[in-house]
Amino acid sequence: MKKIIALMLIMLLAFSFAACGGSDNGGGSGSDGSQAEGIFRDPKKNPYSDELKIAWIPSDAPAANCVAWGAGIERELSYWSNVTFNTFDGERDAEKQSSIIQDLIVQEYDAIILQPYVSSTVAVAVEDAEAAGIPVICINIDADSPHSALVAMTDYEAGYAIGVEMAESVGGEGNFVVIQATPGATRGENLEEGFQAAIANYPGITILDEQTGEWNSEKANAVMTDFLTKYDSIDGVFCHNDQMAEGAATAVQTAGRLGEMSIWGANGEAKALEYIEQGLMTGTVYTDCYDQGATAARLAMMFIGGNLDTSQFTQTLQIKMPPIVVTSENVASITEDMRW
Amino acid sequence: MKGKNLSVAQLLYKYRQLLILAALCIFFAAALPGMFFTMSNFRSILYSMSLYGLMICGATFPVLLGGIDRTVGAVAALSGAICCMIIVNSGYTNQGVVLGILAGVGVGMLSGIIHGVIVAHFDIPAFLLTLATSQVIYGLVQVTTGKELIVVMKPALFTDIGAKRILEIPVPVYVLLICFIVAYFLLNHSTYGRRIYSVGGNREASKLSGINVKRTTITAYMMSGMMAAIAGIVLSSMNQQALSYAADGYENDVLAAIVVGGVSLRGGAGTLQGAIFGSLLIGMLNNGLRLMGVESIYHNFIKGIIIIAAVAADMYSSYQMSGLKHRGGKKHPHKQAAGENQ
């Protein structure tokens, strides 16, 4: 009798499962339902009490923005004594970043915060980490494979804002030059796209020339020196980062033509803000990198404790940091503790 | 008649590098009328090549010995970082600048001496040694700076080194000129220079003839370290900051310029002025391509092709001259010139 009851129970359960499956497949919301079911899992750990290991892999640890991101992450995670935080420098080598990620998978890290050096090169390693249940949060530059989240500076919007500011400052008529990032760099391309979109609204603006400064101050200095030799009238120079803008500013100052043109960078690092205060640079777009790093850290904690299976994501969630246009008029509002 | 033709050929051979530069100048001057062939443009070419030129003034010494110094970029970063840190710690005073420069140059010389001692006493291949130690030195810079940017925007005594002009010529060009004269004098008009060429040409024979090969090697690497350190200080002044990865990759451009300039990697052959020619060639190409508005993505390709053409022309003329020596039974132009001087 007991066997018959047990058999009936098993058959009832099997029927129930089959019926559930049937309704998912056959119902109008079938595909949504299966995806919703697929992206949930049981939380592995309590991020605020269990022992955690979180890694930060910048593309270039000594760079000012990487230092600030790292400080922001550390500041946030230091509130939780259960969290161990380690930094692994990618040393401007995407292959190295990939191999670090693979090592962290073996060491069973709980989350990885990554600033990819090359989006495509790290894609496979990021996918492997997500498949191993390690959420990957990218900073500024996205990996090519879907993953947990990206916390990015605005680039298209920053380029657009700079374009508008520069064009308005010359009344919609003038000659500009651009010192670009290393060819192929995503951030540089997006900044450029935004800048060009803004300039397209001002038919009186001419882009005289564009050359790469390879993100580098002294190379930008040489490029700007050549621009000054080539063009008698330059009304504005836009550089894809502050380091290059500083190099360009030095070249313009050396040539004694500082009053002739506006000089814009992007990122908002401390030295650029000082250049703006001294009148060597006109402006930049500032991002609070400490806050950006802290945001990435909070997201990492959230994904560790959440019940989302991020390896099933088909699209990366994205947070954009607000761009703040800084000129001599508002540079003082970026206080010392916000500078990086 | 034949003799007259030969002397023209010899003349062309002797000044082949200048002729290549002149050809390039004529091309760019024709393509960029009123823009390339101006004082201000040559000033900017010299300014942008000054850092490489400074490193070349030192790095040529070990190459002439048959060695190599791949640490020039790392030493520049280290000396720049030390100089900037001292200036910051001194409260941006002029005394701090002087002390910083002396310490920076001293660190460069020390690095060179250590490399020279290891190469001379332990017979470790210089390429491998300096490849490894450049990583060590960059690591040291990161430790020293705490991986942070050291910004030095004052005093003027420091910032003027990289940015000021005297008689319309940027200060780094004067620094290069002084270093070039010192290095040129050492290599061409001193016993030490003759020892360098001798050791580079035949180490064993030099040893047997009483030359202190070890001391010569150590001094050569010391010169390389010192010049790299000066370049590092100029670089940090230009940028008004010290970065832990400053001058990364410069060693490749420096060695490329030295080789393009006809200095043999086997040692014993080549001149400092040839190496500087290599640097000028690359600097002029960069400048000319930018002024022509050639897109950056094509620069490396075009530069590579032109450098190959320049080296090929140089090698071909050398080959032709050696052929003339055999066919005409004449002395080699260098030997003949030496004979005439006697």
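Residues numbered from 1 in each chain as written. Chains lettered and ligands numbered in written order. Predicted model: local features only at pLDDT ≥ 70, side-chain atom pairs only at ≥ 80, totals over all residues. Heavy atoms only, no water.

(A) Examining the interface of chain A and chain B more closely. Counting from both sides, the interface comprises 32 residues of chain A and, opposite them, 37 residues of chain B. Linking chain A to chain B there are 2 salt bridges. When contributions to the side of chain A that touches chain B are tallied by element, the ones reaching two or more residues are α3 (64-77), β7 (205-212), α8 (217-230), α9 (242-254) and α10 (270-278) of chain A. At 10 residues, the largest contribution of residues to the side of chain A that touches chain B is made by α8(A). Counted by class, the side of chain A that touches chain B contains 10 nonpolar, 10 polar and 12 charged residues. (Contact = heavy atoms within 4.5 Å. Salt bridge = Lys/Arg side-chain N within 4 Å of Asp/Glu carboxyl O. Helix = DSSP H or I, 4+ residues; strand = E, 2+ residues; numbered from the N terminus. Nonpolar A, V, L, I, M, F, W, Y, C, P; charged D, E, K, R; others polar.)

(B) Structural context of the side chain of Thr287(A). Residues and elements named next belong to chain A. Locating Thr287 in the fold gives a position in the loop between β10 (283-286) and α11 (289-305). Classification of Thr287 as buried rests on a relative accessible area of 1%. Residue contacts for Thr287: discarding those within four places in its chain leaves Met153, Asn267, Gln292, Met321 and Trp340. (Buried < 20%, exposed > 50% of the residue type's maximum accessible area, 1.4 Å probe, protein only.)

(C) Here's a closer look at the pattern of salt bridges. By the definition in use, this model includes 14 salt bridges over all chains. A salt bridge links Glu214(A) to Lys219(A); its shortest N-O distance comes to 3.2 Å. Glu214(A) gets classed as partly exposed once you look at its relative accessible area, which sits at 39%. Overall, Lys219(A) belongs to the partly exposed group, its relative accessible area being 30%. Here Arg43(B) makes a salt bridge to Glu168(B), at a shortest N to O gap of 3.3 Å. Pair noted here: Arg43(B) is in helix α3 (residues 39-64) and Glu168(B) is in the loop between β2 (165-166) and β3 (169-170), with a separation of 125 residues, a long-range link. Each of the salt bridges in this network shares a partner with another, and the network as a whole consists of Asp60(A), Arg92(A) and Asp248(B).

(D) Fine view of the packing of α3(B) against helix α12 (residues 250-260) of chain B. All names here are of chain B. Two elements in contact, α3 and α12, have axes separated by 9 Å at closest approach and are oriented at 65°. By the angle class used here, α3 and α12 are roughly perpendicular. Considering only the axes of α3 and α12, their crossing is right-handed. Packed against α3, whose contacting residues are Leu51, Tyr52, Met55, Ile56, Ala59, Thr60 and Val63, the element α12 presents Tyr250, Asp253, Val254, Leu255, Ala257 and Ile258 at the interface. (Axes fitted to C-alpha atoms, helices over the stretch in contact; angles between N-to-C directions. Parallel < 35°, antiparallel > 145°, perpendicular 65-115°, else oblique. Left-handed = near helix turned anticlockwise from the far one by under 90°.)

(E) Inspection of the packing of aromatic side chains at higher detail. What the rule picks out here adds up to 13 aromatic pairs over all chains. When the ring of Phe303(A) is compared with that of Phe313(A), the centres are 6.4 Å apart and the planes differ by 75°; the resulting orientation is edge-to-face. Of the two residues, Phe303(A) is situated in helix α11 and Phe313(A) in the loop between α11 and β11 (317-320); the sequence distance between them amounts to 10 residues. Relative to Phe42(B), the ring of Phe36(B) lies with its centre 5.6 Å away and its plane at 70°, an arrangement referred to as edge-to-face. An aromatic cluster is present here, built from Phe27(B), Phe28(B), Phe36(B), Phe37(B) and Phe42(B) joined pairwise through their rings. (Phe/Tyr/Trp six-rings, centres within 6.5 Å; stacked < 30°, edge-to-face > 60°.)

(F) Structural context of helix α11 (residues 213-239) of chain B. Residue and element names in this part refer to chain B. For α11, built from 27 residues, the straight-helix expectation of 39 Å at 1.5 Å per residue is met to within 8% by its first-to-last C-alpha distance of 39 Å. Extensive coverage of α11 is indicated by the burial of 24 of its 27 residues. Backbone geometry just downstream of α11 places Gln240 in the positive-phi region, at approximately 55°. (Expected span 1.5 Å × (residues − 1).)

(G) Geometry of the nonpolar core. Counting residues in hydrophobic clusters, the biggest one holds 94 residues, and the most contacted among them are Phe158(B), Ile230(B), Ile258(B) and Leu281(B). Top element by residues in this core is α11(B). It accounts for 14 residues. Apart from residues lying up to four places away in sequence, Ile258(B) is in contact with Ile56(B), Ala59(B), Thr60(B), Val63(B), Val263(B) and Ala275(B). If you look at the next biggest cluster of nonpolar residues, it comprises 61 residues, including Ile54(A), Ala68(A), Val252(A) and Ile276(A). (Core = buried A, V, L, I, M, F, W, Y, C linked by side-chain atoms within 4.5 Å.)

(H) Spatial organisation of the sheet that holds strand β5 (residues 149-152) of chain A. Residue and element names in this part refer to chain A. Reading across the sheet, the 6 strands line up as β2-β1-β3-β4-β5-β11 and stay open at both edges, with parallel pairing between neighbours. Each of the sheet's edge strands pairs with one partner strand only, and the pair in question is β2 (83-87) and β11. Going across the sheet, the axis of each strand differs from the next one's by a mean of 15°, ignoring polarity. With 5 bridges connecting them, strand β1 (residues 52-57) and β2 associate as parallel partners. From the neighbouring strand, Lys53 faces β2, where its bridge partner is Thr84. Strand contacts of helix α4 (residues 94-106): β1 and β3 (111-114), with the helix running at about 175° to β1, the strand carrying the most contacts. (Pairing = 2+ DSSP bridges.)

(I) Representation of the confidence of the model for chain B within the structure. Averaged over every residue, the pLDDT of chain B is 87; residues scoring 70 or more account for 92%. Contacts from residues 326-342 of chain B, a stretch scored under 50 in pLDDT, to residues over four places away or in other chains number 13 contacts. (pLDDT = per-residue confidence, 0-100.)

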